[in-house]
Every structure is written in structure tokens, then in C-alpha cells.
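# A structural walkthrough
The chain contents come next:
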Amino acid sequence: MKQDLNSILGKKPDIKFFTTPSHGGKICIKHKYYQFYKHDISETDFYGPQEALSISEKRSSEKYGTVNTKYLTNGSTSGIIASVLTCVKSGEKVLIWDKSHPCHRNACLLANANIVEYSIPLIEEWGIPSCITPENLERYLKKGDIKAVIVTSPHYEGVVSDIPKLVELCHRYGTYLIVDEAHGALYPFSGRLPLSAVNYADFTVQSLHKTAGGLNPTALLHTNTDLDIDRALSIINTTSPSYPLLASIEANIKYLNSIKGRNKIEQLIDMIQTLKAECTKVDFFESDITKIVIKKQGMTGYELSEYLYKNKIEDERANDGSVLLLTGIGTDLKKLEYLFKKLNRL
Ligand SMILES: Cc1ncc(COP(=O)(O)O)c(C=O)c1O
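Residues numbered from 1 in each chain as written. Predicted model: local features only at pLDDT ≥ 70, side-chain atom pairs only at ≥ 80, totals over all residues.

## So, the pairing of strand E8 (residues 203–207)
Within E8, five of the five residues are buried, leaving the element largely enclosed by the surrounding structure. Alternating residues of E8 divide into Phe203, Val205 and Ser207 and Thr204 and Gln206, and every residue in both groups is buried. Note: E8 against strand E9 (residues 219–223), five bridges, orientation antiparallel. If you follow Phe203 over to E9, its bridge partner there is Thr223. (Buried ≥ 20, exposed ≤ 12 C-beta atoms within 10 Å, placed from the backbone. Helix = DSSP H or I, 4+ residues; strand = E, 2+ residues; numbered from the N terminus. Pairing = 2+ DSSP bridges.)

In C-alpha cells, the structure reads:
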């Protein structure tokens, strides 16, 4: 069997390394994270990590059912930039959300693309954006010449777009669809979560570090086109990737796709469902169940956030209307019970 990343790391033969990194896998500077050295190999190293990486990515791509799945050690940010650089030429138009993550705009700047912005109506009561509908998107596409569209689905608060319809529409207009699924890395692994874009969009990025239990800033770029994504990745990436981080991505995907991992996601959904059903003190926004979005009559979102903070609970973000609490791999029953106990005391 060909070796993957986790099987080569930590198994060093007794070789004297006169290569980068100069520490050669030995602890030379003692600090809190010195264990890192043992696994910090270079791409030219003895066991051929480059080959192990491509084997590992190919296996992951088979698991996800994509044309390509690439491991990213510089977050979804780098996946968005690589996607735009791959499908957009200088001077071409890219349609982005006017409130999108800064990397969407930066990707266009790096590609020297012309930015066209779309807006999305706010769900006033909750202070959160709705999604881009096919009708809304078509109005922009009809104006012509849009080479690529970047859609954020889900938003922070778990609102998703109808990706299969948006893809069909984009392709009808000869436009590439790039989906920022940074907050939806668990979606491919449960039928009770929204539909993932990974098997539909031309490019989908997912941050493993946000909800899927990954280390900062591990992420994935999935593609379903024959375009060469490697060129763009090689332009923006270092030639000395962190193999411990890459190996953590491999292990992360294996876990999510395993029975244990899938059960963990189902347990998380069950726990939140049960606790929500028993909690009458706040209103819950209906979206991806792993994003707990709450509001309380008579309180602003900021006041609610302050109440939580005083009770040693830190939310992901708040607005005038509501508060968002993120969950994912690593959120256990104890933590959820604590949150709901405090909510029930409101
Ligand atoms: C919607 C969205 N897209 C992209 C990113 C960038 O992700 P990363 O931190 O993995 O680069 C973020 C980060 O907060 C985000 O919220």
C-alpha cells in the first residue's frame, strides 16, 4: 500500500539530514511546542512527502466525490484566491457579495478582475442576511460578461443558498460558481445538515478549523472542473508547506468520514435539537442547526451577548437583533447543557 501523510510522519530512519529544515527533526530550541519539531519535515525528505500528499489528496477527493480536493494550510482565504486566479483573467468581471469576507475582494484585486457587487436583503428582525436567490442572481448575470460568481453559503448564521440551482444558472450564462462554504465543512457528512456545494459548484472552499475540529488555519479546496488549480496554488503558496498541518487535514477527513465521526455529528445535532425543544426563554432562528442563533424579546443582541459573557459564555458574534453561538466537532453535551441552563434562567 502506498504511504499517506500520517504513515510517514514520525517514522524517521537514522539519517543525518543536511537539508532544510536545519533542525532535522531534532529538538534544538526548547519551547512550549517543541514536539512540533519531530514531525516538521521538508518536501524533499526521505519518505517522499510530496508523493504522500498527492496520494492523500486523491483519496480524499474520492471520499468527497470531487474532481480534485486540495489541502490548504492557509485557510479558506487561500482557496478563494486560488479559485479566482484559476478561472478569471485580468479585466474580466467577478460578481461578489457587497458584505463578503475580505478575501473575495482581495482575490479579485490579485487577479486584476473587475468587481461587480450584489446585495442580499437583511432579515431585519434577526439582523442577519438572507441568501442570494436564483432570480436575484439571474438579474446580474443577464447584464452580461460575468466570468465568475462567489457565493457565501452558509453565511455565518447558517443561511444557505440553493446551490444546484445557482450552478445550473451560472453554467447557462458561461459563468463559474465559487462557493465559500467556510462555515459548512460538516455538511458532506450528515443528511440532517444543509446540502454541501462540494459536488455541485466549480470551486468550493471549506475551513476545517471553523466547525470540523481542525487546527487553525486548515481548509480544503474542492473543484469540479478540469481547470488546472495547481498553478494558482503554486503562485500563492509557500514551497515549504507544514506537513504536520497537512497530516492533520488527512486525519481530520478520515475522522469526519468514519462511523465514529459521523455519529459524533449526529449526536451533536440530537443534543442541540433536544435542548432547543426544552428551552422556551429565547427564540431560535431556523437554519443549519449547528449554528445556534438566538434572540430575546426586550433585549438587544448586544445585551444578550453581555448577559452570556457575564455567565462565562463567549458567543461568536452579536448584532442588534440576535446572538450567534457556533458549535461543531469538540462541542460536548456538558458545554451545551451549561449554555442552555443559562438561557433558561433568562
Ligand atoms: C465566510 C468566510 N469566508 C472565508 C473566511 C476565511 O477563512 P479562513 O480563516 O479559513 O481563511 C472566513 C473567516 O472568518 C469567513 O467567515
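On we go.
## Focus on unusual backbone geometry
The omega torsion of the bond from Ser153 to Pro154 falls at 5°, within 30 degrees of zero and hence cis. With respect to the secondary-structure elements, Pro154 resides in the loop between strand E6 (146–152) and helix H7 (163–172). Note that the residue after Asn216, namely Pro217, is joined by a cis bond; omega there is -15°. Within the element layout of this structure, Pro217 appears in the loop between helix H8 (208–211) and E9. Its identity as a non-glycine residue notwithstanding, Lys312 has a phi of 65°, on the positive side. With respect to the helices and strands, the residue Lys312 is situated in the loop between helix H12 (301–310) and strand E12 (317–318). Classification of Lys312 by C-beta neighbours within 10 Å gives exposed; the count is 8.

## Quick look at the site of the ligand
Taken together, Gly75, Ser76, Thr77, His101, Cys103, Thr152, Asp180, Ala182, His183, Ser207, Pro217 and Ala219 make up the full set of residues adjacent to the ligand. Considered class by class, the residues forming the shell around the ligand number four nonpolar, seven polar and one charged. (Near = placed C-beta within 6 Å. Nonpolar A, V, L, I, M, F, W, Y, C, P; charged D, E, K, R; others polar.)

## A closer look at the pairing of E6
Of all seven residues making up E6, six are buried, and the element is well covered by its neighbours. In this sheet, strand E7 (residues 176–180) lies alongside E6 in parallel orientation, the contact comprising five bridges. Following the sheet pairing, Thr152 is matched in E7 by Asp180. Following the chain from E6 across H7 to the adjacent parallel E7, one finds a crossover that is right-handed. (Right-handed = clockwise from strand over helix to strand, strands pointing away.)

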